[in-house]
Amino acid sequence: DVKVTQSSRYLVKRTGEKVFLECVQDMDHENMFWYRQDPGLGLRLIYFSYDVKMKEKGDIPEGYSVSREKKERFSLILESASTNQTSMYLCAEGARRANSNQPQHFGDGTRLSIL
Amino acid sequence: SQQGEEDPQALSIQEGENATMNCSYKTSINNLQWYRQNSGRGLVHLILIRSNEREKHSGRLRVTLDTSKKSSSLLITASRAADTASYFCATDLTGGGNKLTFGTGTQLKVEL
């Protein structure tokens, strides 16, 4: 079974702090994704990565950055946390295929509160 | 605006009944996927239907896709209390490079 592990289920940080959310996958897949989930808005893509050292902006990248130094690990960084970044953060991975048609596999999420 | 919009937003049924959820989207797709999310957990992939397919089954799940209407439906037959969850459709857009665009979800409650 695919395993996607997010480092924390719950996290509380203060405004202005630099926050790191870590995600590790065990499938040796190329694609990794970070989403945030808010009530009434569904999942929104923050950043994604097709390979090591590669990153691309999603729909809402402002206030976030990412790092992919190893294939299995994709980190989301909140450079200076703000209260409007309080949310559920979900990491996902998937195989990269030219013809697409690949499901994504998700971690259990990190519920982040910024005070 | 959301690429995928689910309807209804919330659905409450009795155990044993069938549950139908609908999803509409706006642009050309490679495939459409359905996911389930239990409260406070990550999403679990249920079923994927390609753009050239019209219907797909998996256990008690039946998914249809109508590309002319840009819509899909998920039918759960003989529902159980354990089916209580949120269900999301996600579209893999043509030329989107394996990215998915999710809708806002349908909250299903199955009562005993």
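Because the structure is predicted, anything quoted here is derived from the model rather than measured.

Within chain B one finds 0 helices and 11 strands. Tracing chain B from N to C terminus, the helices and strands come up as β-β-β-β-β-β-β-β-β-β-β. Relative to a compact globule of 112 residues, whose C-alpha radius of gyration would be 13 Å, chain B shows 13 Å and is just as compact. In terms of overall dimensions, chain B has C-alpha extents of about 45 × 30 × 20 Å along its principal axes. Here chain B holds 112 residues, and the buried ones make up 45% of them. Relative to all contacts within chain B whose residues are 6 or more apart in sequence, the contacts with residues 24 or more apart total 55%. Summed over its atoms, the accessible surface of chain B is roughly 5,200 Å², and 45% of this surface lies on carbon and sulfur atoms. Within chain B, the 11 negative side-chain charges are centred at a point lying 5 Å from the centre of the 13 positive side-chain charges.

The next point concerns the pairing of strand β11 (residues 106–111) of chain B. Residues and elements named next belong to chain B. Residues Thr106, Leu108 and Val110 point to one face of β11 and are all buried, whereas Gln107, Lys109 and Glu111, pointing to the other face, are not buried. When strand β2 (residues 10–14) meets β11, the two strands line up parallel, connected through 5 bridges. When the sheet's bridge partners are listed, Ser12 is paired in β11 with Lys109. Pairing between strand β9 (residues 85–93) and β11: 3 bridges, direction antiparallel. Pairing of Tyr87 across the sheet is with Thr106, part of β11.

What follows concerns the state of the cysteines. On inspection of all chains with the given rule, the structure shows 2 disulfides over all chains. For Cys23 of chain A, the disulfide goes to Cys91 of chain A, at an S-S distance of 1.9 Å. With the S-S bond torsion at -75°, the cross-link from Cys23 of chain A to Cys91 of chain A turns out left-handed. Taken together, the positions of Cys23 of chain A in strand β3 (residues 19–25) and Cys91 of chain A in strand β9 (residues 87–94) put the pair 68 residues apart, joining distant regions of the chain. Two residues, Cys23 of chain B and Cys89 of chain B, share a disulfide whose sulfurs are 2.0 Å apart. One quick way to see it: the torsion about the S-S bond of Cys23 of chain B and Cys89 of chain B is about 65°, and its sign makes the bridge right-handed.

What follows concerns the interface of chain A and chain B. The interface is formed by 25 residues belonging to chain A together with 23 residues belonging to chain B. Summed over both sides, the interface between chain A and chain B buries roughly 1,800 Å², with carbon and sulfur atoms accounting for 47% of that surface. Taken together, the connections running from chain A to chain B amount to 1 salt bridge. A salt bridge links Arg41 of chain B to Asp108 of chain A, with the nearest nitrogen and oxygen atoms 2.8 Å apart. At the boundary of chain A with chain B, the tally comes to 5 residue pairs in polar contact (both at pLDDT 80 or more). Mapped by element, the contributors of at least two residues to the side of chain A that touches chain B are β4 (31–38), β5 (42–49) and β9 of chain A. Residues of the side of chain A that touches chain B, tallied by class, amount to 12 nonpolar, 9 polar and 4 charged.

Cut-offs and rules
- Residues numbered from 1 in each chain as written.
- Chains lettered and ligands numbered in written order.
- Predicted model: local features only at pLDDT ≥ 70, side-chain atom pairs only at ≥ 80, totals over all residues.
- Heavy atoms only, no water.
- Helix = DSSP H or I, 4+ residues; strand = E, 2+ residues; numbered from the N terminus.
- Rg over C-alpha atoms; globule rule 2.2 N^0.38 Å.
- Buried < 20%, exposed > 50% of the residue type's maximum accessible area, 1.4 Å probe, protein only.
- Contact = heavy atoms within 4.5 Å.
- Areas by Shrake-Rupley, 256 points an atom, 1.4 Å probe, with all protein chains shown as cover.
- Lys, Arg positive; Asp, Glu negative; His and termini not counted.
- Charge placed at Lys NZ, Arg CZ, Asp CG, Glu CD.
- Pairing = 2+ DSSP bridges.
- Disulfide = S-S within 2.5 Å.
- Buried area = accessible area lost by both parts, 1.4 Å probe.
- Salt bridge = Lys/Arg side-chain N within 4 Å of Asp/Glu carboxyl O.
- Polar contact = N/O pair within 3.5 Å; in protein donor to acceptor, adjacent residues only side chain to side chain.
- Nonpolar A, V, L, I, M, F, W, Y, C, P; charged D, E, K, R; others polar.

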